[in-house]
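Coordinates in review
As a plain string of letters, each chain reads:
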Amino acid sequence: MAAQSKPELLEITHKEFAKLARLIETVDAETAMDKREDDTSIKDVIAHRAHWIDLFLGWHADGLAGKTVYFPAEGYKWNDLKRYNADLRNRQSNMDWPEAIALLQRNYRKLFEFIEGHTDRELYSGPMKGANNAWPPGRWAEAAGPSHFRSASKFLRSVMRNGKRQ
């Protein structure tokens, strides 16, 4: 169930990031960089999660500024996510494991500061401006943060359980 208040959102964001951070600590650089059968590495998944936090923060800022909000990004529609994610992996291909971890940590702090810097009312009283749906900013923040942290943790556990190749 999605968070319904700022305290719940802060709690779930911290909790899911802490779980992911503990898992990341167990992954060496070679394992993190190893491509799976789907051409995705642990590093790719972590860098992707960090990137989506920036996307959310950009959507929110653009909506408040009255600008067009592009979901997920300019030139892409939701049904282009596979292409967008492949293009993102290509853009992040020179990033190494320590850089991916640092980006995730930095963006986690930005997300946490975003949540802390907004009132419960700002996060949950109505739809996020420019989003063209009913989700409030808090729900978007949860999707970009804790929900993504949870799915990344699941991916890491699966890779570790099943060995390097998946």
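Relevant structure appears above.
The following refers to the structure shown. None of these values were measured; they are calculated from a predicted model.

**Section: helix α8 (residues 146-162)**
For α8, spanning 17 residues, the distance from its first C-alpha to its last is 24 Å, which sits close to the expected 24 Å at 1.5 Å a residue. Of the positions making up α8, those classed as buried are Pro 146, His 148, Phe 149, Ala 152, Ser 153, Phe 155, Leu 156, Ser 158 and Val 159. Of the surrounding elements, those touching the buried residues of α8 are α1 (6-24), α3 (42-64), α5 (97-116) and α7 (137-144).

**Describing the packing of aromatic side chains**
Scanning the entire structure with this criterion turns up 16 aromatic pairs. Relative to Trp 140, the ring of Trp 135 lies with its centre 5.0 Å away and its plane at 65°, an arrangement referred to as edge-to-face. Residue classification places Trp 135 among the partly exposed residues on the basis of a relative accessible area of 33%. Ring-pair connections join several aromatic residues into one group, and the members of that group are Trp 52, Trp 59, Phe 71, Tyr 76, Trp 78, Tyr 84, Trp 135 and Trp 140. The cationic tip of Arg 139 hangs over the ring face of Trp 135; the distance from NZ or CZ to the ring centre is 4.3 Å.

**Here's the deal with the packing of α1 against α5**
Their axes nearest at 10 Å, the elements α1 and α5 cross at an angle of 170°. The angle between the axes of α1 and α5 places the two elements in the roughly antiparallel class. Across from Lys 6, Leu 9, Leu 10, Thr 13, His 14, Phe 17, Leu 20 and Ile 24 in α1, the residues of α5 making contact are Trp 97, Ile 101, Leu 104, Gln 105, Tyr 108, Leu 111, Phe 112, Ile 115 and Glu 116. Residues of the contact of α1 with α5, tallied by class, amount to twelve nonpolar, three polar and two charged.

**Here we look at the pattern of salt bridges**
Here the structure, examined in full by the defined rule, presents seven salt bridges. Note that Lys 19 is salt-bridged to Glu 16, the shortest N-O span being 3.8 Å. A residue pair is termed a helical-turn pair when its members lie 3 or 4 positions apart in one helix, as Lys 19 and Glu 16 do in helix α1 at three residues. Judged by its relative accessible area of 33%, Lys 19 falls in the partly exposed class. Note that Lys 110 is salt-bridged to Asp 54, the shortest N-O span being 2.6 Å. With Lys 110 in helix α5 and Asp 54 in helix α3, this residue pair connects regions lying 56 residues apart in the sequence.

**Quick look at helix α4 (residues 81-91)**
When we look at burial in α4, the residues that qualify are Tyr 84, Asn 85 and Leu 88. One face of α4 carries all of its buried residues, which in axial projection span an arc of 95°. Opposite the buried face of α4, at more than 90 degrees from it, the exposed residues are Lys 82 and Asn 90. Structurally, α4 contributes buried residues whose contacts are with α3.

**What about the environment of Lys 6?**
Topologically, Lys 6 is positioned in helix α1. Along the primary structure Lys 6 and Gly 138 are separated by 132 residues, whereas in three dimensions their C-alpha atoms are 7.5 Å apart. Beyond its immediate chain neighbours, meaning those up to four positions away, Lys 6 contacts Ile 115, Glu 116, His 118, Thr 119, Asp 120, Leu 123 and Tyr 124. Reaching out from Lys 6, the side chain makes a polar contact with the backbone oxygen of Glu 116 at a distance of 2.9 Å.

**Some words on the nonpolar core**
Counting 49 residues, the largest nonpolar core has Ile 42, Ile 46, Phe 56, Trp 59 and Leu 156 as its most contacted members. Those elements that place two or more of their residues in this core are α1, α3, α4, α5, α6 (120-124), α7 and α8. Top element by residues in this core is α3. It accounts for eleven residues. With residues up to four places along the chain from it excluded, the contact list for Phe 56 reads Leu 111, Phe 114, Met 128, Pro 137, Trp 140, Ala 141 and Ala 144.

Basis of the calculations
- Residues numbered from 1 in each chain as written.
- Predicted model: local features only at pLDDT ≥ 70, side-chain atom pairs only at ≥ 80, totals over all residues.
- Heavy atoms only, no water.
- Helix = DSSP H or I, 4+ residues; strand = E, 2+ residues; numbered from the N terminus.
- Expected span 1.5 Å × (residues − 1).
- Buried < 20%, exposed > 50% of the residue type's maximum accessible area, 1.4 Å probe, protein only.
- Contact = heavy atoms within 4.5 Å.
- Phe/Tyr/Trp six-rings, centres within 6.5 Å; stacked < 30°, edge-to-face > 60°.
- Lys NZ or Arg CZ within 6 Å of the ring centre and 35° of its normal.
- Axes fitted to C-alpha atoms, helices over the stretch in contact; angles between N-to-C directions.
- Parallel < 35°, antiparallel > 145°, perpendicular 65-115°, else oblique.
- Nonpolar A, V, L, I, M, F, W, Y, C, P; charged D, E, K, R; others polar.
- Salt bridge = Lys/Arg side-chain N within 4 Å of Asp/Glu carboxyl O.
- Arc of directions from axis to C-beta.
- Polar contact = N/O pair within 3.5 Å; in protein donor to acceptor, adjacent residues only side chain to side chain.
- Core = buried A, V, L, I, M, F, W, Y, C linked by side-chain atoms within 4.5 Å.

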